[in-house]
Amino acid sequence: MRDQVSVYTNKLIADRSAHAQGIAIAAQDDVLIAGGAPDLARLAGDVLSRLTCLGMVVACPSLPFADFLVARAPAGESCIVPRDTETRTFLHDIPFLRRSDLGADPAPVIARLLGSRKGVVVEGVGIVASGALTVEQAYINYSSVFHSTFVKYLQDVLHHGFILPGEAEAFAAFRSQWLRPLTDEGLAFRSGPLAERDEILDEIATVGRYTVERGLVDSFFGNISCRAGEVIYISQTAASLDSLAGCIDPVPTDNSSTFGITASSELLAHRRIYEATGAATILHGHPKFAVIMSMECAEEGCAITDCWKECDRVRFLGDTPVVAGEIGAGGLARRVPPAIAGPRKAVVYGHGVFTVGETDFADAFRALVSVENWCRGEYFRRLEERLG
């Protein structure tokens, strides 16, 4: 268990979602253990001891966006409701506690709120996330809250500008210091066509790791596949893209084996994309600016409210189509294939980006980077236009 604490502490530092000196993780094994920043470790242990779950992450986010969302919320509100897929699917909403709610001992208050949620924002403390059975689950929930509050805050700033003292300065620091140029420089891809089982498994694992290292997914989710003949090699559902060894399923295209049971929940979408495009590889990530910009629709007077699954229009971000589609329910399998067939890339509303490669992963990865860079540039162009 102590190894797990160390592993996920290092992941939070590596993905730059938390301050290195502001991380604590607690786990209930035979005894309760807690490590990390002393004050946060005590809080993590105190909260965990009041719950039936087995893992807990308490960390100070590397960006102040969650606290800004709390401060911007009107009096009387008690939760943040982003519209991205992570929130809808896993979190539903993100409850928060203001400083004034905490009292002398915040652990009982946090535990009471966290008992019915996977993660909460505690103003002045950070994000507190639980894992029902493992520290990994707590890490995933922390990462989902970080991702969703990032998306929500940047949308709010785009629509309403800066409201609070210090926001503009913090945002400028985010843009100049936290954001890094996104490229595929320094990455090596195996040239296709990829035909041999072992080289395919090795290349999928390598490219999966690239997507995590370049920040093209939240936590380590997304999915990736390669078609060779009549077999689709695809990452397993809930598999960590930065640790795919042993977590890639070979699924016959004719459904003649049971491997599809553990395959990605988007296996059907991948299958239909291959049928529509004739491509050899598919890469799917959740880059943040593409998620944000996919939800910026200029349509006026539209009666659709559940845009993420009901909208049947195809919009464009530059030359990349944007479609609606419900994950894991066939919506993506219906709407992405016809949209991606021509441009070889597509964005799903509030969710992420699909790209394809003709013979290997090089083109698919570059296309994923290109879409995110275009969306990042467009976001700041629109923000500067709004701010004047």
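For every chain, the first residue of the written sequence is number 1, and numbering continues from 1 onward in sequence order. Reporting in this predicted model follows two pLDDT cut-offs: at least 70 for local features of residues, and 80 or more for side-chain atom pairs to be given and counted; totals over whole chains, interfaces and linings ignore these cut-offs and use all residues. Side-chain measures here rest on the full set of heavy atoms in the structure, leaving out hydrogens and waters.

Quick word on the overall build of the protein
- Strands are runs of DSSP state E lasting at least 2 residues, helices are runs of H or I lasting at least 4, and numbering of each runs from the N terminus. Within the protein one finds 14 helices and 15 strands.
- For this measure, only C-alpha atoms enter the radius of gyration; the expected value for a globule follows 2.2 Å times N^0.38, where N is the number of residues. Rg of the C-alpha trace for the protein: 21 Å, near the compact-globule value of 21 Å for 388 residues, within the 12% margin.
- On the principal axes, the C-alpha backbone points of the protein span a range of 65 × 55 × 40 Å.
- Contact definition: two residues touch when any of their heavy atoms are within 4.5 Å. Counted over contacts in the protein with a minimum sequence separation of 6, partners at least 24 positions apart contribute 64%.
- Total accessible area on the protein stands at roughly 16,300 Å², and carbon and sulfur atoms take up 50% of it.
- Positive charges come from Lys and Arg, negative ones from Asp and Glu, while His and the chain ends are left out of the count. By convention, the charge on Lys lies at NZ, on Arg at CZ, on Asp at CG and on Glu at CD. Taking the average location of the 36 positive side-chain charges in the protein and that of its 48 negative ones, the two points are 3 Å from each other. A 1.4 Å probe and the Shrake-Rupley method give the accessible areas. Residues count as covered only by the protein chains that appear here.

As for the packing of aromatic side chains
- Between the rings of Phe, Tyr and Trp (Trp by its six-membered ring), a pair exists once the centres lie within 6.5 Å; its type follows the angle of the planes, with under 30 degrees stacked, over 60 edge-to-face, and the other angles tilted. Under the counting rule described, the total for this entry stands at 20 aromatic pairs.
- Taking the centre distance of 5.3 Å and the plane angle of 65° together, the rings of phenylalanine 171 and phenylalanine 174 count as edge-to-face. Taken together, the residues span about one helical turn, with phenylalanine 171 and phenylalanine 174 both in helix α8 (residues 167-178) at a distance of three residues.
- On the basis of relative accessible area, phenylalanine 171 is assigned to the buried category, the value being 5%.
- Pairing phenylalanine 174 with tryptophan 178 gives two aromatic rings, centres 6.0 Å apart and planes at 35°, and the pair type is tilted. One end of the pair is phenylalanine 174 and the other is tryptophan 178, both in helix α8 and four residues apart, which spans about a single turn. The pair formed by phenylalanine 174 and tryptophan 178 is uniform in burial state, with each residue classed as buried. Note on classification: 1.4 Å probe, protein chains only; a residue is buried when its accessible area is under 20% of the maximum for its type, exposed when over 50%, partly exposed between these limits.

Examining the sheet that holds strand β1 (residues 18-28)
- A strand pair is defined by DSSP finding two or more bridges across the two strands. If you walk across this open sheet you meet the seven strands as β2-β1-β3-β7-β6-β5-β4, and the pairing is mixed. A single partner strand is all that each edge strand has here, and the edge strands are β2 (32-36) and β4 (79-80).
- Of the pairings in the sheet, the one linking strand β3 (residues 55-61) to strand β7 (residues 126-131) comprises five bridges and is antiparallel in character. The partner of valine 58 across the bridge, within β7, is valine 128.

Here's the deal with the layout of surface pockets
- By volume, the largest pocket is sized at about 660 Å³.
- Going through the elements one at a time, α1 (2-14), α7 (135-160), α9 (197-213), α11 (288-294) and α14 (362-387) are the ones with two or more residues in the lining of the largest pocket.
- Under the convention adopted here, Pro, Cys and the residues Ala, Val, Leu, Ile, Met, Phe, Trp and Tyr are nonpolar, Asp, Glu, Lys and Arg are charged, and Gly plus all remaining residues are polar. Per-class residue counts for the lining of the largest pocket are 12 nonpolar, six polar and 12 charged.
- Two domains share the lining of the largest pocket, each providing at least three of its residues, namely domain 1 (1-178) and domain 2 (197-387). A cavity, in this analysis, means grid points on a 1 Å lattice covering only the protein atoms where a 1.4 Å probe fits yet has no way out; a pocket is instead an open set bounded by protein on both sides within 12 Å along at least five of seven lines, and a residue lines either one if it has an atom within 4 Å of a point. Grid points are joined across faces, edges and corners, and a volume is the space filled by probe spheres set on the points. What counts as a domain boundary in this text is fixed by an automatic or database domain assignment.

Considering empty space enclosed by the protein
- Summed over the entire model, instances satisfying the criterion amount to one cavity of 30 Å³ or more.
- The computed volume of the largest cavity comes to approximately 30 Å³.
- Along the walls of the largest cavity sit Pro61, Leu63, Phe65, Ala66, Phe146, Thr149 and Phe150, which together make up its complete lining.
- Secondary-structure elements contributing two or more residues to the lining of the largest cavity are α3 (65-72) and α7.

Side note on helix α10 (residues 267-277)
- Of all the residues in α10, the buried ones are Leu267, Ala269, His270, Arg271, Ile273, Tyr274 and Thr277.
- Of the surrounding elements, those touching the buried residues of α10 are β8 (223-228), β9 (231-235), β10 (248-252), β11 (281-285), α13 (331-340) and β15 (352-357).

As for the domain arrangement of the protein
- Here the protein is described as being made up of domain 1 (1-178) and domain 2 (197-387).
- In this structure, domain 1 and domain 2 have C-alpha centres spaced 27 Å apart.
- On the side of domain 2, 25 residues touch domain 1, which itself brings 27 residues to the contact.
- We count a salt bridge whenever a side-chain nitrogen from Lys or Arg sits within 4 Å of a carboxyl oxygen from Asp or Glu. For the interface between domain 1 and domain 2, the tally reads two salt bridges.
- A salt bridge links glutamate 384 to arginine 175; its shortest N-O distance comes to 2.8 Å.

Looking at the packing of α1 against α7
- Only the contacting stretch of a helix is used when fitting its axis, a line to C-alpha atoms as for every element, and angles between N-to-C directions run 0 to 180 degrees. Two elements in contact, α1 and α7, have axes whose closest approach is 10 Å; the angle formed by their N-to-C orientations is 15°. Regarding the angle of α1 to α7, the classification is roughly parallel. Crossing of α1 over α7 shows right-handed handedness. Along its contact with α1, which presents Gln4, Tyr8, Lys11 and Leu12, the element α7 presents Val135, Glu136, Tyr139 and Tyr142. Put simply, angles under 35 degrees are roughly parallel, angles over 145 are roughly antiparallel, angles from 65 to 115 are roughly perpendicular, and the rest are oblique. Each crossing gets its handedness from the near helix: less than a right angle anticlockwise from the far helix is left-handed, clockwise is right-handed.

So, the pairing of β1
- In terms of strand pairing, β1 meets β3 through six bridges, oriented antiparallel. Across the sheet, residue isoleucine 23 finds its bridge partner in β3, namely alanine 59.
- Pairing between β1 and β2: five bridges, direction antiparallel. For isoleucine 25, the partnering residue across the bridge sits in β2 and is glycine 35.
- The antiparallel pairing of β1 with β2 creates a hairpin that spans three residues between the two strands.

Overview of the sheet that holds strand β12 (residues 315-317)
- Here eight strands make up an open sheet; going across it, the order is β10-β9-β8-β11-β15-β14-β13-β12 and the pairing mixed. The open sheet has two edge strands with one neighbour each: β10 and β12. Put simply, the sheet's adjacent strands are angled 25° from each other on average, direction ignored.
- Bridge count for β11 against β15 is five bridges, and the pairing is antiparallel. Paired with histidine 284 across the strands is phenylalanine 354, a residue of β15.

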